[in-house]
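# Chains, contacts and geometry: an overview
So you can see what is in the structure, the chains are spelled out below.
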Amino acid sequence: MADKRRLNLSFSMASPLQREAWKRLCNIQAGQRTDAVCRAVCRMYEEEALLEAVRQIIQEELHNMEFISIKEKNEQPQAGNVDENVLGFLLALQNDGGDE
């Protein structure tokens, strides 16, 4: 004799969620409902585990990030800012070239 477990459920048609679940279960062909319920329950737990893993990864990545406010960003030196030595060199080249 096979080792089986039995679970009896009752659905309240006053509850929208239970009424919807009942309608969906009734649409599943008899003999396939147990497998459908098992797949749904297992899928739900797999999705929850995946969602938790994604949340954890996002939290870790956000923890390692540094955010700069718009005010700080505007106060940062522009890409066109150059070192004083470079400016002196360019000015010298410009002055030397202007004599010719």
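Residues numbered from 1 in each chain as written. Predicted model: local features only at pLDDT ≥ 70, side-chain atom pairs only at ≥ 80, totals over all residues. Heavy atoms only, no water.

## Structural notes on the overall build of the chain
Selection rule: Strands here mean DSSP runs of E at least two residues long; helices mean DSSP runs of H or I at least four residues long; both are numbered from the N terminus. Throughout this description, buried means an accessible area under 20% of the type-specific maximum (1.4 Å probe, protein chains only), exposed means over 50%, and partly exposed covers the range between. In these tables, accessible area is a Shrake-Rupley quantity obtained with a 1.4 Å probe, and a residue counts as shielded only by the protein chains included in the view.
Looking only at helices and strands, the chain features four helices and zero strands. Its helices and strands in sequence order give the chain the pattern α-α-α-α, from N to C terminus. Looking at the 100 residues of the chain, the share that counts as buried comes to 1%. For the chain, the exposed area adds up to about 10000 Å²; of that, 55% sits on carbon and sulfur atoms.

## Examining the confidence of the model for the chain
To be explicit about the condition: For every residue, the predictor reports its confidence as pLDDT, a number between 0 and 100.
Mean pLDDT for the chain: 86, with 84% of residues reaching 70 or above. Model confidence for the chain, summarised as mean pLDDT per element, is weakest for helix H3 (residues 70–75) at 71 and strongest for helix H1 (residues 16–26) at 97.

## A look at a nonpolar patch on the surface
Going by this rule: The patch calculation keeps residues exceeding 30% relative accessible area without a salt bridge and links them within 9 Å when they carry like charges or within 5 Å when they are nonpolar (Val, Leu, Ile, Met, Phe, Trp, Tyr). Should a side-chain nitrogen of Lys or Arg be within 4 Å of a carboxyl oxygen of Asp or Glu, the pair is scored as a salt bridge.
On the surface, Leu50, Val54, Ile58, Leu62, Met65 and Phe67 cluster together into a nonpolar patch covering about 610 Å² of accessible area. Structurally, the position occupied by Met65 is in the loop between helix H2 (33–64) and H3.

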